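What follows is the residue order along each chain.
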Amino acid sequence: DAKTTQPTSMDCAEGRAANLPCNHSTISGNEYVYWYRQIHSQGPQYIIHGLKNNETNEMASLIITEDRKSSTLILPHATLRDTAVYYCIVRVRRSNDYKLSFGAGTTVTVRA
Amino acid sequence: EAGVAQSPRYKIIEKRQSVAFWCNPISGHATLYWYQQILGQGPKLLIQFQNNGVVDDSQLPKDRFSAERLKGVDSTLKIQPAKLEDSAVYLCASSLDSPGRRSTSYEQYFGPGTRLTVT
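Report on the accompanying structure. (Residues numbered from 1 in each chain as written. Chains lettered and ligands numbered in written order. Predicted model: local features only at pLDDT ≥ 70, side-chain atom pairs only at ≥ 80, totals over all residues. Heavy atoms only, no water.)

## Focus: the overall build of chain B
- Counting secondary structure elements, chain B contains zero helices and eleven strands.
- Beginning at the N terminus, the succession of helices and strands in chain B can be written as β-β-β-β-β-β-β-β-β-β-β.
- Relative to the 2.2 N^0.38 estimate, which gives 14 Å for 119 residues, the radius of gyration of chain B is 14 Å and therefore close to what a compact globule would have.
- Across its three principal axes, chain B shows a C-alpha extent of roughly 45 × 25 × 25 Å. (Helix = DSSP H or I, 4+ residues; strand = E, 2+ residues; numbered from the N terminus. Rg over C-alpha atoms; globule rule 2.2 N^0.38 Å.)

Shown next, in the form of structure tokens:
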């Protein structure tokens, strides 16, 4: 199973872009990179996922390096409500099922 | 669309007592998961169901934890007897994925969790 490495914490100014790095140097060719976040006292929430190409949705953008060994989640205009723990997860494939293994994540604090 | 429902939201028990948590997944979701989240850590998968069958329970402490998903819908997680180290948030999640369905999206929807304190 590919493992991920994320910084323990980071601060971001409200209204600015937040760039969250993640290293996954042992990722396999058919493994996806997923991002979830967990706001205090809530369950994790799916943000975005990608395989090779950069992805964008209404919440964030995901930039995956060409060698796929690292990725960056971008929150384009951070708000106070984006304060949360962000998890970078590499999806493990097992037969027809898919398992998500959460690490400790990055605690992001958006400051006014 | 209604989300994943869990109850109770909070529970305080003494060690050696029993406790049960209930989860109602999103309608139509074949896969259901129970996670344990200890303070300061990410969620850890305890058990995964596909419909009413167990797919993965390798991380479930089977001497004290049990789970069932009768009729492939609601699920119950039980701890008997509880230990101090069982203090955690127990999260239930569900997803559409089912056996044989090749999916490139594996979005899991999580409930709010049950915070268990064992004293």
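## Concerning unusual backbone geometry
- P8 of chain B follows S7 of chain B through a cis peptide bond whose omega is -10°.
- Take P8 of chain B: it is sitting in the loop between β1 (5-7) and β2 (10-13).
- For S41 of chain A, which is not a glycine, the phi torsion comes out positive at approximately 70°.
- Counting through the fold element by element, S41 of chain A comes out in the loop between β3 (33-38) and β4 (45-50).
- The class for S41 of chain A is partly exposed, based on a relative accessible area of 41%.
- For R16 of chain B, which is not a glycine, the phi torsion comes out positive at approximately 80°.
- One can find R16 of chain B in the loop between β2 and β3 (19-24). (Buried < 20%, exposed > 50% of the residue type's maximum accessible area, 1.4 Å probe, protein only.)

## Here's the deal with the sheet that holds strand β7 (residues 65-68) of chain B
All names here are of chain B.
- Here four strands make up an open sheet; going across it, the order is β1-β3-β8-β7 and the pairing antiparallel. Two strands bound the open sheet, and with one partner strand each, they are β1 and β7. Across the sheet, the mean angle from the axis of one strand to that of its neighbour is 15°, orientation sign disregarded.
- With three bridges connecting them, β1 and β3 associate as antiparallel partners. Residue pairing in the sheet places A5 in a bridge with N24 of β3. (Pairing = 2+ DSSP bridges. Axes fitted to C-alpha atoms, helices over the stretch in contact; angles between N-to-C directions.)

## Description of the side chain of S71 of chain A
All names here are of chain A.
- With respect to the secondary-structure elements, S71 resides in strand β7 (residues 70-75).
- Residue S71 is classed as buried on the basis of its relative accessible area, which comes to 2%.
- Of the polar contacts made by the side chain of S71, one reaches the side chain of H24; its length is 3.0 Å.
- S71 has contacts with L20, P21, C22, H24, V33, W35, L62, I63, I64 and C88, leaving out every residue within four places of it along the chain. (Polar contact = N/O pair within 3.5 Å; in protein donor to acceptor, adjacent residues only side chain to side chain. Contact = heavy atoms within 4.5 Å.)

## Considering the sheet that holds strand β5 (residues 55-56) of chain A
- Spatial strand order, β2-β7-β6-β5 (chain A): four strands in an open sheet with antiparallel pairing. Edge positions in the open sheet fall to β2 (18-23) and β5 of chain A, since each of these has one partner strand only.

## A look at the state of the cysteines
Residues and elements named next belong to chain A.
- Going through the model one piece at a time under the given rule, you end up with two disulfides over all chains.
- One disulfide bridge connects C22 with C88, the sulfur atoms lying 2.1 Å from each other. Judged by the sign of its S-S torsion, about -80°, the cystine formed by C22 and C88 is left-handed. In this pair, C22 is assigned in strand β2 and C88 in strand β8 (residues 84-90), connecting sequence segments 66 residues apart. (Disulfide = S-S within 2.5 Å.)

## Structural notes on the pattern of salt bridges
Residue and element names in this part refer to chain A.
- The final tally for this structure, using the stated rule, is four salt bridges over all chains.
- The closest approach of N and O atoms between R37 and D82, which form a salt bridge, is 2.8 Å. Highlighted residues: R37 in strand β3 and D82 in the loop between β7 and β8, separated in sequence by 45 residues. (Salt bridge = Lys/Arg side-chain N within 4 Å of Asp/Glu carboxyl O.)

## Quick word on the pairing of strand β5 (residues 44-50) of chain B
All names here are of chain B.
- A large share of β5 lies buried, amounting to six of its seven residues.
- In this sheet, β5 lies alongside strand β4 (residues 31-37) in antiparallel orientation, the contact comprising six bridges. Following the sheet pairing, L32 is matched in β5 by F49.
- Linkage of β4 to β5, two consecutive antiparallel strands, is achieved through a turn of six residues, within which G40 is found at a positive phi near 90°.
- Here β5 folds back onto strand β6 (residues 53-56), and the loop between the two strands holds two residues, one of which, N51, carries a positive phi near 55°.

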